[in-house]
Amino acid sequence: MFSLFRENVLIALDSIKSQMLRTILTVVIIGIGIWALVGILSLVKVLEDNISGNFASMGANTFNIQRYDFTFDSNRGGEKRKVNPVISYNNVREFIDLYQFPTAQTSVSFTGTATAEVKFENEKTDPEVQVLGVNENFLENSGIKIDEGRDFTSFDIENNTKVCLIGSDFLKSLFKNDAPIGKTISIRGAKFKVIGVMESKGSSFGNSQDLRVMIPIQVARGMFTQANINYNISVKVDDNLLMDQAQDEAIITLRNIRRLSPLDDNNFGIVRSDDLLNQISEISGYLNTAAWSISIVTILGSSIALMNIMLVSVTERTREIGVRKALGAKRSTISLQFFIETIVIGQFGSILGIILGVLTGWALSYGFGTEFELPITAMIAATIITFVVAVIAGSYPATKAAKLDPVESLRYE
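Cut-offs used in this document
Residues numbered from 1 in each chain as written. Predicted model: local features only at pLDDT ≥ 70, side-chain atom pairs only at ≥ 80, totals over all residues. Heavy atoms only, no water. Helix = DSSP H or I, 4+ residues; strand = E, 2+ residues; numbered from the N terminus. Buried < 20%, exposed > 50% of the residue type's maximum accessible area, 1.4 Å probe, protein only. Contact = heavy atoms within 4.5 Å. Polar contact = N/O pair within 3.5 Å; in protein donor to acceptor, adjacent residues only side chain to side chain. Salt bridge = Lys/Arg side-chain N within 4 Å of Asp/Glu carboxyl O. pLDDT = per-residue confidence, 0-100. Core = buried A, V, L, I, M, F, W, Y, C linked by side-chain atoms within 4.5 Å. Phe/Tyr/Trp six-rings, centres within 6.5 Å; stacked < 30°, edge-to-face > 60°. Arc of directions from axis to C-beta.

A.B. asks: How would you sum up the side chain of Thr125? Please name residues and give values.
C.D. replies: Relative to the helices and strands, Thr125 is located in the loop between strand 4 (123–124) and strand 5 (129–134). For Thr125, a relative accessible area of 7% gives the class buried. Not counting residues up to four positions away in its chain, the partners in contact with Thr125 are Ala116, Glu117, Val118, Phe170, Ser173 and Leu174.

A.B. asks: I'd like a rundown of the environment of Thr113, residues and numbers included.
C.D. replies: Turning to its location among the elements, Thr113 is positioned in strand 2 (residues 104–116). Along the sequence, Thr113 and Gly133 sit 20 residues apart, while their C-alpha atoms lie 9.7 Å from each other. Leave out the neighbours within four places in its chain, and Thr113 touches Val129, Gln130, Val131, Arg188 and Phe224. A distance of 3.1 Å separates a polar side-chain atom of Thr113 from the backbone nitrogen of Thr115.

A.B. asks: Before we move on, can you summarise the pattern of salt bridges with the specific residues and values?
C.D. replies: All chains considered together, the criterion is met by 4 salt bridges. Where Lys236 meets Glu140, a salt bridge forms, and the shortest distance between an N and an O atom there is 3.6 Å. Residue Lys236 is found in strand 13 (residues 232–237), and its partner Glu140 is found in helix 4 (residues 138–142); the two are separated by 96 residues along the sequence. Between Asp156 and Arg150 there is a salt bridge, and its shortest N-O distance comes to 2.8 Å. A relative accessible area of 3% places Asp156 in the buried class. For Arg150, a relative accessible area of 37% gives the class partly exposed.

A.B. asks: Summarise the confidence of the model for the protein; cite the residues concerned and give the values.
C.D. replies: Averaged over all residues, the pLDDT of the protein is 82; the fraction at 70 or higher stands at 87%. Mean pLDDT across the elements of the protein ranges from a minimum in strand 10 (residues 203–204), with 58, to a maximum in strand 7 (residues 163–166), with 96.

A.B. asks: Can you break down the side chain of Asp156 residue by residue, with the values?
C.D. replies: Residue position: Asp156 is located in helix 5 (residues 154–158). Here the side chain of Asp156 touches Arg150 through a polar contact of 2.8 Å, side chain to side chain. Leave out the neighbours within four places in its chain, and Asp156 touches Arg150, Asp151, Thr161, Val163, Ile195 and Pro216.

A.B. asks: Give me the nonpolar core: which residues, what numbers.
C.D. replies: Buried together is how nonpolar side chains tend to be arranged in soluble globular proteins. The biggest cluster of nonpolar side chains holds 61 residues, and the ones touching the most others in it are Phe63, Ile65, Ile185 and Met214. Beyond its immediate sequence surroundings of up to four residues, Met214 is in contact with Leu132, Val134, Phe138, Leu139, Ile144, Phe152, Val163, Cys164, Leu165 and Met198. One finds Leu41, Ile340, Ala378 and Leu404 within the second-largest nonpolar core, a separate group that totals 31 residues.

A.B. asks: Describe the packing of aromatic side chains, listing the residues and the values that go with them.
C.D. replies: Centre distance and the angle of the planes are the two values used to describe a pair of aromatic rings. Applying the stated criterion across every chain yields a total of 5 aromatic pairs. When the ring of Tyr89 is compared with that of Tyr231, the centres are 5.7 Å apart and the planes differ by 50°; the resulting orientation is tilted. Residue Tyr89 is found in helix 3 (residues 89–98), and its partner Tyr231 is found in the loop between helix 7 (217–223) and strand 13; the two are separated by 142 residues along the sequence. With relative accessibility at 17%, the residue Tyr89 sits in the buried group. Between the aromatic rings of Phe95 and Tyr99, the centroid separation amounts to 4.9 Å while the plane-to-plane angle is 15°, which identifies the pairing as stacked.

A.B. asks: Run through helix 3, naming residues and quoting values.
C.D. replies: Helical periodicity: at 3.6 residues per turn, an α-helix aligns residues three or four positions apart in one direction. Within helix 3 the residues assigned to the buried category are Tyr89, Asn91, Val92 and Phe95. Along the axis of helix 3, the buried residues cluster in a sector spanning 155°; they form a single face. Residues Asp97 and Leu98 are exposed on helix 3 and point more than 90 degrees away from its buried face.

Below, the structure written as C-alpha cells:
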C-alpha cells in the first residue's frame, strides 16, 4: 500500500515538472489567497495588540475626561462640525476642588511639547522627545510602573521641585547605559534631576513611548505657555462596581463647571479603557471576517484554475492512462494518482502563502514595534482549506480519468 502511494507521489511530481509554467501559476494563485488570509489576520493581530496595549495602559478601573470622545465623528452631509472647547487649567483646578467621590483618585496631565531636545553633559537627543506635565497620581492612573528610582510625591508637585521621570530609551541614547538616577538633564535650558526611570512601553505606530520626560505640572506650565493648552483628567476608582456612579458624578461636576444647561450636550468626552477595548475587539472581528472573505474568494478562483490544469492534464495523458489500465491499474489507482497530484499542487501553494504571510506579519510587527506571534491558527486553517480545495478541485478530473475507456485511450493521439 505504501509503495503504491509512494509511486503515485513520484508520478505526480513528474507530471508537475512536465507542466511547470501552469503549475507555478496555479501555486501562485493559491499562495496569494493563503497570503491574504495569513497576512491580514497577522495585521489584525498586530493592530489589536498595539492599540489594546496602549489603551490598557490607562489602568484598571479608570476613565479619562478629555476634549472629545474616542468615537467623535467629523461632519457629515455638510453639517457643521461641533468643536468642543479645550479643558482649561481653570476647569481642571475647579474639578479637583469639587470632585470628592469616595476612593476616587484624580490625575491631571498635558503635553508641553512633542519636539523637545534633552541634553546631558555633552550628549543630546534628537528633537523628538515628548515632555508631559503631570501630577503625583498620573503614573498610577495610567498603569505606568517605575523600573528604577521613585515616582513623584505630592511634595514634588506642590513645591514645583525640578525633578523628572524619563523613559527607558534614554538609558541607551543619552546615558549610554549608565545609572541615570541623580543625574541632571536640561530641557529648554531648565535643569531637572532624574528621580526615576519608567518601565518600557514599546512603540505605538512607529512612535516610541519610551522617549518621553515627565515633569511636575506647575513647572511644565511655567515652561510651556502656548495658548489654549488642553488638559486631560484621569479618575481611578478602587471598586469597579462604583465606576458608573463615579463617572456620572464626574460628568455632573464638569457640566456644572462649564455651566451647561440640562438641555445642552456634553462638550467634552469620557473614555473608559474597557469601552475602547470592546470597540477594538468589534473592529477586529470585522477585519477578521474581511480577511476570511478575501482569502476564500481568492482560493475559490484558484480552485477553478487548479481544476482546469488537472482537466488539461487528463486530456494530455489520455494515452498514458490507457496504458496503465491495460497493464491492470484499477480505477481507484488512477483516481488516487490525480488526487495526489492535485493535493501536492495545493500544498505547494499553501506553503508559499504561509511563508509570505508569516514574513508579512513579522514585518508589520517590527514596523509597529510589537512582539511577533506566529499565527498558528491561520497556518492550520490555511493547510486545511487548501487540502479541501484540492480535493474538491481534483474530484472531477480524477473521476474523468478513472472512467476513461482503456481501448479508446490507447487509440488517442
